[in-house]
Amino acid sequence: MSPQPQSAHAAAPLAGRTLLMSGGSRGIGLAIALAAAAQGANVALMAKTGTAHASLEGTVHTAAARIREAGGRALPIVGDVRNDDDVAGAVRAAVAEFGGIDAVVNNASAIDLSTTDDVSMKRFDLMQDINVRGTFLLSKLSLGALRLSANPHILTLSPPLNLDPKWAGAHLAYTMAKYGMSLTTLGLAEELRADGIAVNSLWPATLIDTAAIRNMPGGETLVRAARSPRIVADAAVAILARPSAECTGNFLTDEEVLRAEGIEDLSGYALGAAEGELLPDIFLSGRA
């Protein structure tokens, strides 16, 4: 179990608990890290961004600085979720620095919405390696530490397993990669049920403002009809605060998590558009 919380965060559910996250230098991952840090959590971030990217803001070190400013403890780890030794080293480093791991957040993900004709096999392999293999590997290598936690969680940012053919038909390579992450949730939740390790997936109900969206054609227009990453972050920390034995095997959206927490007015997360004008995210039933 991780060190005891400091008194300033004594009433916060994540105070003193340790999260190990893949990615997290920016976007949704960083928002989750900051929300956890605001409750006094320890956050170990493993990401490739040891130095600044030419076109993307943030590194694992700038993220760590922001986590500390938000009130948490941070451990920046430069590593690639595709590399077995890097992932094993990240698990060891988190345990050595904070005394344990209470939650694994599988945030790292690659996206390419190309059709089968257009997607390159290099991009196909990248999505499989980061999304599917990376999620499986980080979860697998963290199990020993998670079994020692009083409230262990694995949370993966992936959609419900929606077998409506339109999602596979729209972008088969990406759909396969994201559903591979979700299959990991489905399988591990059942496999680890007796161990009391909660395994869940979380997905945005609407488009979220991220660098990946902004870099798409028309991205600057798209994000005006999106929500802030804070909505996913607030939902994530709410899930991680729940008793692990009572919350596993779920495919949740940010909206339903927050409404279960009694938060009905979500307008504060929008970036300018009215609720009815927000763009829905993909993979959800009833979404275009």
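Scroll up to find the structure.
Residues numbered from 1 in each chain as written. Predicted model: local features only at pLDDT ≥ 70, side-chain atom pairs only at ≥ 80, totals over all residues. Heavy atoms only, no water.

J.: I tried to follow the nonpolar core on my own but got confused; where do I start?
T.: Generally speaking, nonpolar side chains in soluble globular proteins are found buried as a group. By size, the foremost hydrophobic cluster in this structure holds 42 residues, and its most contacted members are Ile32, Leu45, Ile67 and Leu202. If you list the elements that add at least two residues to this core, you get strand E1 (18-22), helix H1 (27-37), strand E2 (42-47), helix H2 (60-70), strand E4 (103-106), helix H9 (230-241) and helix H10 (254-260). Counting residues in hydrophobic clusters, the runner-up holds 38 residues, among them Ile130, Leu138, Ala145 and Leu146. (Core = buried A, V, L, I, M, F, W, Y, C linked by side-chain atoms within 4.5 Å. Buried < 20%, exposed > 50% of the residue type's maximum accessible area, 1.4 Å probe, protein only. Helix = DSSP H or I, 4+ residues; strand = E, 2+ residues; numbered from the N terminus.)

J.: When you look at the environment of valine 43 in this model, what are you seeing that I'm missing?
T.: On the secondary structure map, valine 43 appears in strand E2. For valine 43, a relative accessible area of 0% corresponds to the buried category. Separated by 155 residues in sequence, valine 43 and alanine 198 have C-alpha atoms that sit 19 Å apart. Setting aside its immediate chain neighbours within four residues, valine 43 contacts Leu19, Ala33, Ile67, Arg73, Ala74, Leu75 and Phe98. (Contact = heavy atoms within 4.5 Å.)

J.: I'm lost on the pairing of E1 in this one. Help?
T.: Taken residue by residue, a regular strand's side chains alternate between the two faces of the sheet. Of all five residues in E1, five are buried, a share of seventy percent or more. The alternating pattern of E1 places Thr18, Leu20 and Ser22 on one face and Leu19 and Met21 on the opposite face, and all of these are buried. Sheet topology note: the E1/E2 ladder contains five bridges and is parallel. Bridging across to E2, methionine 21 finds its partner in leucine 45. Regarding topology, H1 serves as the crossover connection from E1 to the parallel E2, and that connection is right-handed. Looking at chain direction, E1 and E4 are connected through four bridges and run parallel. Paired with leucine 20 across the two strands is valine 104, which belongs to E4. (Pairing = 2+ DSSP bridges. Right-handed = clockwise from strand over helix to strand, strands pointing away.)

J.: Which parts of the structure should I look at to understand the packing of aromatic side chains?
T.: Think of a pair of aromatic rings as described by two things: how far the centres are apart, and how the planes are tilted against each other in angle. According to the stated counting rule, one finds four aromatic pairs in the structure shown. Among the aromatic side chains, those forming a connected cluster through ring pairs are Trp167, Tyr174, Tyr179, Trp203 and Phe283. (Phe/Tyr/Trp six-rings, centres within 6.5 Å; stacked < 30°, edge-to-face > 60°.)

J.: For this particular structure, what's the right way to read the sheet that holds strand E3 (residues 73-78)?
T.: Strand-to-strand pairing in sheets goes through backbone hydrogen bonds, with the strands running parallel or antiparallel. The seven strands are arranged E3-E2-E1-E4-E5-E6-E7 in an open sheet whose pairing can be described as parallel. Taken across any chain shown, the strands that pair with only one partner, and hence form the sheet edges, are E3 and strand E7 (251-253). Taken over all neighbouring pairs, the strand axes of this sheet differ in orientation by 20° on average, direction set aside. Direction of pairing for E2 relative to E3: parallel, over a ladder of six bridges. Bridge pairing links methionine 46 to isoleucine 77 in E3. Contacts from helix H6 (residues 172-191) reach E4, strand E5 (153-156), strand E6 (198-203) and E7, with the element oriented near 150° to E6. (Axes fitted to C-alpha atoms, helices over the stretch in contact; angles between N-to-C directions.)

J.: In this structure, what is going on with the packing of helix H3 (residues 84-98) against helix H4 (residues 121-146)? I would like to understand it.
T.: The description of two packed helices rests on the angle between their axes and on the distance between the axes. Running from amino to carboxyl end, H3 crosses H4 at an angle of 35°, the nearest separation of the two axes being 10 Å. Handedness of the crossing formed by H3 with H4: right-handed. Of H4, the residues touching H3 (which contributes Asp84, Val87, Ala88, Val91 and Val95) are Arg133, Leu137, Leu138, Leu141, Ser142 and Ala145. For the contact of H3 with H4, the residue count by class is eight nonpolar, one polar and two charged. (Left-handed = near helix turned anticlockwise from the far one by under 90°. Nonpolar A, V, L, I, M, F, W, Y, C, P; charged D, E, K, R; others polar.)

J.: Looking at this model, I keep getting lost on the packing of H4 against H6. Mind explaining?
T.: At a closest axis distance of 8 Å, the pairing of H4 and H6 adopts a crossing angle of 10°. By the angle between their axes, H4 is roughly parallel relative to H6. Of the residues in H6, those in contact with Phe124, Met127, Gln128, Asn131, Val132, Thr135, Phe136 and Ser139 of H4 are Ala173, Tyr174, Met176, Ala177, Lys178, Gly180, Met181, Thr184 and Leu188. Its residues assigned to classes, the contact of H4 with H6 comprises ten nonpolar, six polar and one charged. (Parallel < 35°, antiparallel > 145°, perpendicular 65-115°, else oblique.)

J.: For this particular structure, what's the right way to read the side chain of asparagine 107?
T.: With respect to the element layout, asparagine 107 can be found in the loop between E4 and H4. Since its relative accessible area comes to 14%, asparagine 107 is described here as buried. Setting aside residues up to four positions removed in sequence, asparagine 107 forms contacts with Met21, Ser22, Gly23, Gly24, Ile28, Gly29 and Leu157.

J.: Even after reading the chapter, I still don't get the pattern of salt bridges, so can you show me in this structure?
T.: Close approach of charged atoms allows side chains with opposite charge to pair. As enumerated under the stated definition, the model contains eleven salt bridges in all. Glutamate 255 is the salt-bridge partner of arginine 259, the closest N and O atoms lying 3.4 Å from each other. Within this pair, arginine 259 and its partner glutamate 255 are both found in helix H10, separated by four residues, close to a single helical turn. A residue is classified by how much of its surface remains accessible, and arginine 259, at 34% relative accessible area, is partly exposed. One salt bridge connects arginine 259 with glutamate 264, and the closest N-O pair in it is separated by 3.8 Å. (Salt bridge = Lys/Arg side-chain N within 4 Å of Asp/Glu carboxyl O.)

J.: Please explain H2 as it appears in this structure.
T.: Because an α-helix completes one turn every 3.6 residues, residues spaced three or four positions apart along the sequence face the same direction. All of the buried residues along H2 are Val60, Ala63, Ala64 and Ile67. Taken end-on, H2 shows its buried residues confined to a sector of 100°, consistent with a single buried face. Buried positions along H2 lie against H1, E2 and E3. Where H2 begins, one side-chain oxygen reaches toward the backbone nitrogen of histidine 61, 3.2 Å away; that side chain belongs to threonine 59. Of the residues one or two after H2, glycine 71 is the one with positive phi, at around 115°. (Arc of directions from axis to C-beta. Polar contact = N/O pair within 3.5 Å; in protein donor to acceptor, adjacent residues only side chain to side chain.)

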